[in-house]
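A look at the structure
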Amino acid sequence: MPALNEPFGKQRIQSIDILRGVIMLIMALDHTRDFFYFAGPTIDPTDMATTTPMLFFTRWITHFCASNFVFLSGVSAYLAGTRRTKSELSAFLIKRGLWLVVVEVVIVSFATSLNPHYRFLFLQVLWTIGLSLVILGLLVRAPLKVIAIIGTLIFFGHDILDYIQLPKTGTAAALLKLILIAKGTVLRITHAHAVLGQFALIPWTGVMLLGYVFGSLYKSLFDAQRRRKILLYTGVAMLTLFLVFRYFNIYGDPSPWAVQRNGTFTFLSFLNVSKSPPSLLFLCMTIGPGLIVLSLTEHIQNKLTAIFIVYGSVPFFYYVLHFYIIRAVNIIVFFAQGYSAKQIVDPTHQNPFLFQPPHFGFNLGGVYLVWLFVIASLYFPCRWFSRYKKTHRQWWLSYL
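This report concerns the structure included in the present document. Note that this is a predicted model, so its numbers are computed, not measured.

1. Remarks on the overall build of the protein chain
Across its full length, the protein chain holds 14 helices and three strands. Taking 400 residues into account, the globule formula puts the C-alpha radius of gyration at 21 Å, and the protein chain, at 21 Å, falls close to it. Along the longest, intermediate and shortest principal axes, the C-alpha atoms of the protein chain span 60 × 50 × 45 Å. Scored against the burial criterion, the 400 residues of the protein chain give a buried share of 54%. Taking all contacts inside the protein chain whose residues are at least 6 apart in sequence as the whole, residues at least 24 apart take part in 76%. Here the protein chain displays about 18,100 Å² of accessible surface, and carbon together with sulfur accounts for 68% of that area.

The structure is reproduced here in structure tokens:
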């Protein structure tokens, strides 16, 4: 997810860029599936009654993206603070956070729907990172231990909301759900305009705060071997917690796994934890491997990691641009498949996205081909912008 850039002339941390690059590429698969899988919204990839193993894993692998994006944004926020006073860092994080919210509402919402009337404003990962940065900006003056305690309480304790009955009607109820739960919460602004919340603010803020705390492991004087051990052991501990709590269906996820029609689907049920809002087990399942990757890739340099670094070094640029490339391909395929201008808008008004008629698109094989085209087409623009950042000092680069 869009992270804070390193200053001109400063060496970037390659393990962070490698992990971020991997998850940026995987993320594009999820968005490609959203716009090109022919079954569209009629099929839930995680519904055990209707999914297939390939469809499930196409969705499941992308679960690793948001949690690690938000976590790494917290790490980058700490690194940004190593060259600023607390006051400067606070102001920077708040301004950067508000900027990301504007980008989400104006630029990404349009790319998502292609509707110039903005019938729906989609509050996805950018708004979550943005407001989490604002909250972090208000907290950075506090001691690191205080931020760690707050982040830990949210991270491990937000699933208590599963046992609390929240208000179900009214604007206040919708706002509360938007902050705590999200999961398709619709907040009606006017008869023709609404906000659709998909990422709950508070649970993800806990991830951001812990990422900020882990950023302290990357201080220049911190022992590298000790850092790798902490990352590795913490990652293994998180995966162990996931396996134990999930196996016994203990606290940590609102949807217990259950025996299905065969062993394959029982295994899928075991992995099918809640992303919206992100449960404790979802976060352990996804961030745990991320920490292990950070530990193991500090000194790995080869052609493959160099490719990942290209994408991971310009996450904001990649994130915004990939939506527009996907939608450009969407429009081309729309007309190539014989649809007409009369079908740009869904006549049933069930789908807020333009150029998305019922059953438009391809099977999963076609989705993967489009995904490979999208990420390949982004390589050279990302490489150019990465080099540009390294050789220029403009103030606005820290916001891109």
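2. Notes on the packing of aromatic side chains
Aromatic ring pairs are described here by two measures, namely the spacing of the ring centres and the angle between the planes. Throughout the structure, instances matching the rule amount to 33 aromatic pairs. Each ring, one from Phe-110 and one from Tyr-118, has its centre 6.2 Å from the other, and the planes form 40°; the classification is tilted. Ring centres of Trp-204 and Phe-282 lie 6.5 Å apart, and the angle between their planes is 85°; this geometry places the pair in the edge-to-face category. Taken together, the residues span a long stretch of sequence, with Trp-204 in helix 8 (residues 201–215) and Phe-282 in helix 11 (residues 280–296) at a distance of 78 residues. Here Trp-204 matches Phe-282 in class, with each residue buried. Taken together, the ring pairs connect Phe-36, Phe-334, Phe-335, Tyr-339, Phe-355, Phe-360 and Phe-362 into an aromatic cluster. For the cation-ring pair, Arg-84 lies above Phe-92, with the distance from its terminal atom to the ring centre recorded as 4.1 Å. Just above the ring of Phe-265 sits the side chain of Arg-261; from NZ or CZ to the centre is 3.7 Å.

3. Description of helix 11
End to end, helix 11 covers 24 Å across 17 residues, agreeing with the expected 24 Å (1.5 Å per residue, within 8%). Across the 17 residues of helix 11, 14 count as buried, placing the element largely inside the fold.

4. Describing the packing of helix 13 (residues 315–336) against helix 14 (residues 364–391)
In contact at an axis separation of 10 Å, helix 13 and helix 14 are set at 140° when each is read in the N-to-C sense. Judged by the angle between their axes, helix 13 and helix 14 are oblique. Between helix 13 and helix 14 the crossing geometry is right-handed. Every residue of helix 14 that contacts helix 13 at Phe-317, Tyr-318, Leu-321, His-322, Ile-325, Ile-326 and Val-329 is listed here: Val-370, Phe-373, Val-374, Ile-375, Ser-377, Leu-378, Pro-381, Cys-382 and Phe-385. Of the residues assigned to the contact of helix 13 with helix 14, the class counts are 14 nonpolar, two polar and no charged.

5. Concerning the sheet that holds strand 1 (residues 120–123)
With mixed pairing, the three strands of this open sheet are ordered in space as 1-3-2. The sheet is open, and its two edges are formed by strand 1 and strand 2 (185–188), each paired on a single side. The sheet shows a mean angle of 20° between the axes of neighbouring strands, direction not considered.

6. A look at the environment of Leu-136
Within the fold, Leu-136 resides in helix 5 (residues 125–139). Sequence spacing of Leu-136 and Lys-86 is 50 residues, and the spatial spacing of their C-alpha atoms is 11 Å. In contact with Leu-136, not counting residues within four places along its chain, are Ala-77, Leu-93, Met-208, Leu-209 and Tyr-212.

7. Observations concerning the environment of Trp-396
Of note, Trp-396 is situated in the segment after helix 14. A relative accessible area of 32% means that Trp-396 is categorised as partly exposed.

8. Remarks on the pattern of salt bridges
As enumerated under the stated definition, the model contains seven salt bridges in all. A salt bridge links Arg-33 to Asp-30; the nearest nitrogen and oxygen atoms lie 2.8 Å apart. Residue Arg-33 and its partner Asp-30 are located together in helix 1 (residues 14–36), separated by three residues, close to a single helical turn. No difference in accessibility class separates Arg-33 from Asp-30, as the two residues are buried. A cluster of three or more residues bridged by salt bridges with shared partners is formed by Asp-30, Arg-33, Asp-34 and Arg-59.

9. Remarks on a nonpolar patch on the surface
Together, Leu-243, Val-244, Tyr-247, Phe-248 and Ile-250 make up an exposed nonpolar region whose accessible area comes to about 500 Å². You can see Leu-243 is positioned in helix 9 (residues 224–247). Look at Leu-243 and you get partly exposed, because its relative accessible area is 46%.

10. What about helix 14?
Every α-helix carries 3.6 residues per turn, so stepping three or four residues along brings you back to the same face. Between the first and last C-alpha of helix 14 there are 41 Å, a value that for 28 residues agrees with the 40 Å anticipated at 1.5 Å per step. Of all the bends found along helix 14, the most pronounced is centred on Tyr-379 and spans about 30°, while Pro-381, a proline, follows it within four residues. At the N-terminal end of helix 14, a side-chain oxygen is found 3.2 Å from the backbone nitrogen of Gly-365, two or three residues along, and the residue is Asn-363.

11. Some thoughts on the side chain of Lys-275
With respect to the helices, strands and loops of the structure, Lys-275 is situated in the loop between helix 10 (263–271) and helix 11. The buried charged residue Lys-275 lacks any salt bridge, with Asp-30 as its nearest oppositely charged partner at 4.9 Å. Setting aside its immediate chain neighbours within four residues, Lys-275 contacts Arg-59, His-63, Ala-66, Phe-199, Trp-204 and Phe-282.

12. Brief notes about unusual backbone geometry
Going from Ser-276 to Pro-277, the amide bond is cis rather than trans, its omega being -5°. On the secondary structure map, Pro-277 appears in the loop between helix 10 and helix 11. Phi at Asn-249 takes a positive value of approximately 50°, unusual for a residue other than glycine. Tracing the chain through its elements places Asn-249 in the loop between helix 9 and helix 10. Even without being glycine, Phe-355 reaches a positive phi, approximately 60°.

Scoring rules and cut-offs
- Residues numbered from 1 in each chain as written.
- Predicted model: local features only at pLDDT ≥ 70, side-chain atom pairs only at ≥ 80, totals over all residues.
- Heavy atoms only, no water.
- Helix = DSSP H or I, 4+ residues; strand = E, 2+ residues; numbered from the N terminus.
- Rg over C-alpha atoms; globule rule 2.2 N^0.38 Å.
- Buried < 20%, exposed > 50% of the residue type's maximum accessible area, 1.4 Å probe, protein only.
- Contact = heavy atoms within 4.5 Å.
- Areas by Shrake-Rupley, 256 points an atom, 1.4 Å probe, with all protein chains shown as cover.
- Phe/Tyr/Trp six-rings, centres within 6.5 Å; stacked < 30°, edge-to-face > 60°.
- Lys NZ or Arg CZ within 6 Å of the ring centre and 35° of its normal.
- Expected span 1.5 Å × (residues − 1).
- Axes fitted to C-alpha atoms, helices over the stretch in contact; angles between N-to-C directions.
- Parallel < 35°, antiparallel > 145°, perpendicular 65-115°, else oblique.
- Left-handed = near helix turned anticlockwise from the far one by under 90°.
- Nonpolar A, V, L, I, M, F, W, Y, C, P; charged D, E, K, R; others polar.
- Pairing = 2+ DSSP bridges.
- Salt bridge = Lys/Arg side-chain N within 4 Å of Asp/Glu carboxyl O.
- Patch = residues over 30% accessible without salt bridge, like charges linked within 9 Å, V, L, I, M, F, W, Y side chains within 5 Å.
- Bend = angle between axes of the 7 residues up to and from the residue.
- Polar contact = N/O pair within 3.5 Å; in protein donor to acceptor, adjacent residues only side chain to side chain.
- Lys, Arg positive; Asp, Glu negative; His and termini not counted.

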